[in-house]
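Inside the fold
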Amino acid sequence: MDALSPQAKNVSFAVVGTGGAGAITAGSILLEAAGKSGWYGLLTRSVGPQIRGGEAAALVRLSTKPAACMSKEFDILVAIDWKNADRFINAMPVAAGGLIVCDPAAGDPPQAALDMDCTIVQCPIGELAKSIPGGRENMISIGLVAQLAGLPVDNIMKVVQSKLGSKGEQAVETGRACIAAGMTAASGFNHAYTLAPPIEQDGSRWLITGNEAVGLGALRGGVRFAAAYPITPATEVLEYLSPALASIGGSLVQAEDELASINMIIGASFGGLPSITATSGPGLSLMMESLGLAAASETPIVVVDVMRVGPSTGIATKSEQSDLNIAVYGFHGDADHVVVAPLSVADCLFTGQWAVHIAETLQTPVILLSDQSLGQARLLIDKPADVTFLTQRKTFIAEDEDYKRYALTADGVSPMSLPGQPGGQYTADGLTHTEKGTPSSTRRDQREQMNKRHDKINNFDYGAHWGVCEGDAASDTVILTWGSLTGAARETLDTLADEGIPARLVSLRQISPFPEEALTKALTGARRVLFVEQSHSGQFYRHVRAHIDLPFETRSLNREGPYLIGPDEIASQIRDWKNQ
Amino acid sequence: MNAPSFKASSYKSDITPIWCPGCGDFHVLMSITKALAKLGRPPEDIAVISGIGCSSRIPAYTNCYGFHGVHGRSLAVAAGLKVARPDLTVMAMSGDGDGFSIGGNHFLHACRRNIDMTYVVMDNRVYGMTKGQPSPTTEPDWDSALSPGGTGLSPFHPLVIALASGANFVAREFSGNIKACTETIFEAIKHPGFSFVEILSPCVTFRPDEKEWKNQVHEASVSETDDPARAARRIMTDDGMNTGILYRGRRKPYFASVSDRTGDLTTLEQAFEV
Ligand SMILES: Cc1ncc(C[n+]2csc(CCOP(=O)(O)OP(=O)(O)O)c2C)c(N)n1
Ligand code: SF4
Ligand SMILES: [Mg+2]
């Protein structure tokens, strides 16, 4: 978008500065203020490898429509300072016609910034802050962006009031003065990137991260116990759950490792409480043996895997979709279980709740595959609807004579007694067992119990939740993806529609058991199918191919992290293909 | 409580143990059922949690709720259960391999966490189930196919480690002394916090030499203490055959913030509104 172009559908900006400069706070305040004014948007953070004091950048995209992924280019870049900027400046290219605002006192912009096809204006951010007693540079930068993007100052002040109010009226007044000074300075830049008015607002907005949304979804599903071992980028799920659980009568235990956390939730669930833990790839690897125990002992649990770049420790702060294989195929033996994946930050709420519902209903472990790009993104979303599942474990009625914990039933789900229930005593076991739970090594018990566990999971009606079909239903061109990349694919559809190129999107929320029938039906009429996934080896493509015939031309857009696949890349693949 | 009377047999299941005739674990099972009968809680209010090994087979031989999990993780399962269900009496059961080798880390942290439960380790100084390999408590010169001539490593000292890590009750017994075992397990269950009872339980098949234990064990000549330093010094210097309650501490048990608050999510949801 060009300078002074009115009415943009999207405005993207970055605020950068060293760790203590408050760049992230500035971005968060601006995003929340935009939400108060009816816009949508999201914030991601880019932080360097240094734990504290390193470079930090808030990347924010504001939009008139719900936005799922970060823009590839930015309209405005405010640099509070340039320390270490060369290390990350390439991750936030400024668009042609865009604007870089930097402080001359902070030294020369790095070469990469000078090479960008944009305007650089100098603004004494530090001096402006110093001229106001207690003033801070990040507050000045809020004023700069607010002026350039046309954000209403009263809503910004409401957010500042709620953030700084506890520090006293003086702090709020100082903030106001800084913001005003920033706005005045920016009004002299002769540039503007004004966001078009929001589309009519029909209800309130929520500001939430994917990690928080998974946690809240789990609570909606009835989770009352969690065990935790910290790992980036999943820690915020646990940090959200800790006080949240305490506030509703549940509890969280910090475990000594993931071997403990998974077994703690197995124990709590055996005791009757719906239970959850969250981890990332390295932790999931440690949990595999006990996930198998949960499958064999039919103990309901939910394990959230917020995927990051692997293998091994990989890149902890960046996203990938490369744990599909371990989640689906990582168990030893044939251990039927369920794997689901949220399709957006908002969907983390639904899928978190759904995962608990499935686990409790089927008495099985459910792995929820989120990833860093969802978990750590903070989004403005429409206030989510209440979803009600009739979540209930099949219970044991005390009058039942001769209780059999692993009784063979029509749907494969057996009544589960809970400690404290007289007459319901049994020993849960990972050993092959009889219907009563007694260890057994007979061919018959192995077969019957395997069949029962297979049937309960494969014959369950997952309904319409298996995935989504969007776009031009009549089109023979399909983008097929799963999980977090659904957002980028949705934007691709919009772009292509604007260009008059028909295409549709099919995205899977249900990864295992594989929704063979539903997906085959959804792909009827397809001539070209583009697989899109953030995995070097194409795990998703292989997974789909292992389950259904692909009687159409296929291509695959797949890549390892950390560079996320974006809407424009998907669009150009489709355009090229159609032009051939 | 006006308890209905329970007999030891009320806590026994009708499953026949797979243990070798003469295995010390039979006696441990007897002592546990007797201690539970003395406690007088109904079997459905007791949960017996274990890992993998001959000793870890014990839950199914009781008539309590049981969980026979994976190798080494009994303490973690038990911790989750007790925090989720503080109303239950929770016992975790292990062997020396299960508890001190593969599950060693959980042992340290269970002592430190001090959740109100009882941990019984049937120590036979060998991996019985996998047919005779040295465990962390095996003597350095014990010969086996896996470690010919012995491991050359000095044994792990579970009682001292339990003390150093914060266990609130530390005792050693010999499986053959059913009366003493019963009494000690009963006291361990009653004591708040994490109670650790090491029971020397001979593996007659792979350690026939341990049949001699009955002649070697002796009651501790001094009485129990609540001073961990004194207890540690005594345990470090004894001959490893000293039995009885050695330490009974006064640490505050783990407190989970389980409240009687309702499950209303309204406030939590409002926090996300802009
Ligand atoms: C992860 C894993 N590794 C190894 C084994 C094999 N295994 C079964 S029992 C056992 C050792 C048991 O020793 P101990 O805990 O002392 O019990 P005991 O049989 O002596 O009573 C081992 C190594 C296993 N079941 N699981
Ligand atoms: S092998 Fe040893 S520990 Fe196992 S049952 Fe036989 S005697 Fe007992
Ligand atoms: Mg042993």
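Rules used in this analysis
- Residues numbered from 1 in each chain as written.
- Chains lettered and ligands numbered in written order.
- Predicted model: local features only at pLDDT ≥ 70, side-chain atom pairs only at ≥ 80, totals over all residues.
- Heavy atoms only, no water.
- Helix = DSSP H or I, 4+ residues; strand = E, 2+ residues; numbered from the N terminus.
- Expected span 1.5 Å × (residues − 1).
- Buried < 20%, exposed > 50% of the residue type's maximum accessible area, 1.4 Å probe, protein only.
- Polar contact = N/O pair within 3.5 Å; in protein donor to acceptor, adjacent residues only side chain to side chain.
- Pairing = 2+ DSSP bridges.
- Domains from an automatic or database assignment.
- Contact = heavy atoms within 4.5 Å.
- Buried area = accessible area lost by both parts, 1.4 Å probe.
- Nonpolar A, V, L, I, M, F, W, Y, C, P; charged D, E, K, R; others polar.
- Near = heavy atom within 4 Å.
- Salt bridge = Lys/Arg side-chain N within 4 Å of Asp/Glu carboxyl O.

As for helix α12 (residues 345–362) of chain A
Residue and element names in this part refer to chain A. Between the first and last C-alpha of α12 there are 26 Å, a value that for 18 residues agrees with the 26 Å anticipated at 1.5 Å per step. For α12, the buried fraction is high: 17 of the 18 residues fall into the buried class. Two or three places before A346, at the opening of α12, S344 has a side-chain oxygen 3.4 Å from that residue's backbone nitrogen. Downstream of α12 by a residue or two, Q363 has a phi angle that is positive, lying close to 50°.

Notes on the pairing of strand β1 (residues 10–18) of chain A
All names here are of chain A. In terms of burial, β1 is a largely internal element, 8 of the 9 residues being buried. Where β1 lies against strand β3 (residues 55–63), 9 bridges are found, and the strand directions are antiparallel. Within β3, the residue paired with V15 across the bridge is A58. The pairing of β1 with strand β4 (residues 74–79) spans 4 bridges and is parallel. Considered in β4, the bridge of F13 is made with I76.

Brief notes about the domain arrangement of chain A
Residue and element names in this part refer to chain A. According to the domain assignment, chain A contains domain 1 (2–192), domain 2 (207–381), domain 3 (394–449) and domain 4 (463–579). Put simply, the middle of domain 2 and the middle of domain 3, counted by C-alpha atoms, are 26 Å apart. Listed per partner, the contact involves 12 residues of domain 2 and 15 residues of domain 3. Between domain 2 and domain 3, a total of about 980 Å² is buried, with carbon and sulfur atoms accounting for 56% of that surface. Summed over the three residues of domain 2 that lose the most area to domain 3, namely F270, E298 and Q363, the buried surface amounts to 53% of that side. For the interface between domain 2 and domain 3, the tally reads 4 residue pairs in polar contact (both at pLDDT 80 or more). Of all the elements in the fold, those that place two or more residues in the side of domain 2 that touches domain 3 are α9 (258–270), α10 (281–297) and α12. Here the side of domain 2 that touches domain 3 takes 3 residues from α10, the largest share from any one element. Looking at side-chain class alone, the side of domain 2 that touches domain 3 contains 5 nonpolar, 6 polar and 1 charged residues.

What to know about the site of ligand 2
Contacts to ligand 2 come from W19(B), C20(B), C23(B), C54(B), N124(B), C203(B), V204(B), T205(B) and F206(B). Looking at the shell around ligand 2 residue by residue, the classes come out as 7 nonpolar, 2 polar and no charged.

Structural notes on the interface of chain B and chain A
Listed by partner, the interface residues are 45 residues for chain B and 62 residues for chain A. Of the roughly 4,300 Å² buried between chain B and chain A, counting both surfaces, carbon and sulfur atoms make up 62%. Taken together, chain B and chain A are joined by 3 salt bridges. Our count for the chain B to chain A interface comes out at 19 residue pairs in polar contact (both at pLDDT 80 or more).

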